[in-house]
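Structural characterization, general
For reference, the chains in residue letters:
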Amino acid sequence: MKIVFLDAKTVGDDVDLSIFEAFGDFIAYPTTKGSEVFDRVYDADIIITNKVIIDREVIDYARDLKLVCVAATGTNNVDILYAKEKGIAVTNVAGYSTESVVQHTFAMLFYILEQLRYYDDYVRSGQYAESDIFTHLGRPFSEIHGKRWGIIGLGTIGRRVGQVAESFGCDVIYHSTSGVKREESYREYPLDELLRTSDIVSIHAPLNEKTRNLITYDKIRLMKPSAILLNLGRGGIVNEEDLAKALDEGLISGAGLDVLEKEPIDPYNPLLSIKNRDRLLITPHIAWTSIEARKRLIQEIAENIRAFLNGEERNRVDLIF
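Residues numbered from 1 in each chain as written. Predicted model: local features only at pLDDT ≥ 70, side-chain atom pairs only at ≥ 80, totals over all residues. Heavy atoms only, no water.

Thoughts on helix H10 (residues 291-309)
- Its 19 residues give H10 an end-to-end C-alpha distance of 28 Å, which sits within 8% of 27 Å, the value for a rise of 1.5 Å per residue.
- Of the positions making up H10, those classed as buried are Ala293, Arg294, Leu297, Ile298, Ile301, Ala302, Asn304, Ile305 and Ala307.
- For H10, the secondary structure elements touched by its buried residues are strand S1 (2-5), strand S3 (46-49), strand S4 (67-70), strand S5 (89-91) and helix H4 (98-113).
- Residue Gly311 follows H10 closely and has a positive phi angle near 80 degrees. (Helix = DSSP H or I, 4+ residues; strand = E, 2+ residues; numbered from the N terminus. Expected span 1.5 Å × (residues − 1). Buried < 20%, exposed > 50% of the residue type's maximum accessible area, 1.4 Å probe, protein only. Contact = heavy atoms within 4.5 Å.)

Rendered as C-alpha cells:
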C-alpha cells in the first residue's frame, strides 16, 4: 500500500505524520506543482491532499488509486462524481477546526474593535513613556455587551460563534445563505435587515452560487458606520474592490478577513493600498490552524484510512453524490 501526501506543508512541520506509516509506504511531499502531480500519484493507492487538484485526468493516471483523503472539510478540489464513477472513495474531515476558527473570529474582532495596533504602536513609539498620565484615550472603543451580532451562515462554526457572542452579552441573529429552514435558537433575518441592524457581522458560509459577491459596496452601505465586518468563510463572498472603497470612504468602522478570493493574496489586491489601513486586518488563512486543530485533522485522516481499509463508510463524501 502506497500513500502520498501531496501538500504536507499546509498542515505544518510541527504535527507528526508518522501515523500514516502504519498503513504502508508513506511519502510526504511539502508541496506539489501541477506538473508534478502525475508522477507522484502514478502508483499511489491512497492520496492525501489539502488543496492540490485531483481531477479526472489525475484520477485516470493514478492506476492503483483506491482512496482520496481530503485534508480539509471542503472537497471542491476533487472531482468526486468522476471518482465515484471509477469506484474510488473520497473522504474529508469536518468539525476539526471549529474551536480554532471561533477563537480567531474573536481575536480579529477585539484587535479591530479595541484599536490594539494603535495602542501597541503608541507604547512602542515612546509616547507612553513621556505621558503625564497613567493611561491614554486616543482611540476610544466600545464594549460588545448589548450589541447585536449578525451571523451569515449558521453552520457548526456559526452556531458556536453565536454561543460565545451570547456569553459576552450580545444579541445574536443570523441569515441563512442556503435558504433551508431549521429550528434555531436565534432569530433569522433577511440579509439587508441583518446588515442594517448589526454592530458586528461575521461570515461563516461556504462559497457557492448563492454567496459569491454576497457582500458588495451597496450592501456595505446598509451597515452602521460603527459596524465591523468579519469574513472567516471563504474569499469571494466579500467583493474586495468594493470593501476597499467602502473602508476608504469610512462607511464602516473596520473589517477583518482571514480568507481572500485569491490565496496567497495578489500583490495588486486593492485592499493592500487602502488609505485607511488601520480599519483593516488581514490574516493569511490561519483561523483553522491551531496546533490542536491540525493534530485532530491528521488523526481524523488516519481514522478515515483505517475505516476504509476495514470496509467501513466513515466520512465518505462520495456516498452523498
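Here's the deal with the nonpolar core
- Counting 48 residues, the largest nonpolar core has Phe20, Ile48, Trp149 and Ile301 as the members making the most contacts within it.
- With residues near it in sequence (within four places) discarded, Phe20 still touches Ile3, Phe26, Ile48, Ile298, Ile301, Ala302 and Ile305. (Core = buried A, V, L, I, M, F, W, Y, C linked by side-chain atoms within 4.5 Å.)

Quick look at the packing of aromatic side chains
- Across all of its chains, the model carries 10 aromatic pairs by this definition.
- Taking the centre distance of 5.1 Å and the plane angle of 75 degrees together, the rings of Tyr118 and Tyr119 count as edge-to-face.
- Overall, the relative accessible area of 23% leaves Tyr118 in the partly exposed class.
- The exposure class of Tyr119 is buried, given its relative accessible area of 18%.
- Centroid distance Tyr122 to Tyr128: 6.1 Å. Interplanar angle 45 degrees. Geometry classified as tilted.
- For Tyr122, a relative accessible area of 8% corresponds to the buried category.
- Among the aromatic residues, those joined into a cluster by ring pairs are Phe106, Phe110, Trp149 and Phe168.
- Here the guanidinium or amino end of Arg40 rests over the ring plane of Tyr29, the centre of that ring lying 4.0 Å away. (Phe/Tyr/Trp six-rings, centres within 6.5 Å; stacked < 30°, edge-to-face > 60°. Lys NZ or Arg CZ within 6 Å of the ring centre and 35° of its normal.)

Quick notes on the sheet that holds strand S9 (residues 200-203)
- Spatially, S8-S7-S6-S9-S10-S11-S12 is the arrangement adopted by the seven strands of the open sheet, whose pairing is parallel. Among the strands making up the open sheet, the edge pair consists of strand S8 (187-188) and strand S12 (280-282).
- Of the strand pairs in this sheet, S9 and strand S10 (residues 228-231) are connected by four bridges, and their pairing is parallel. Of the residues in S10, the one forming a bridge with Ile200 is Ile228.
- Relative to S10, H4 is tilted by about 150 degrees, and along the sheet it contacts strand S6 (148-152), S9, S10, strand S11 (254-257) and S12.
- Helix-sheet contacts for helix H9 (residues 240-248) involve S10, S11 and S12, and the interaxial angle to S11 is about 150 degrees. (Pairing = 2+ DSSP bridges. Axes fitted to C-alpha atoms, helices over the stretch in contact; angles between N-to-C directions.)

Some details on the environment of Ser226
- Inspection of the secondary structure puts Ser226 in the loop between helix H8 (217-221) and S10.
- For the pair Ser226 and Asp60, spaced 166 residues apart in sequence, the C-alpha to C-alpha distance is 54 Å.
- If we skip the residues at most four places from it in the chain, Ser226 touches Asp199 and Ser253.

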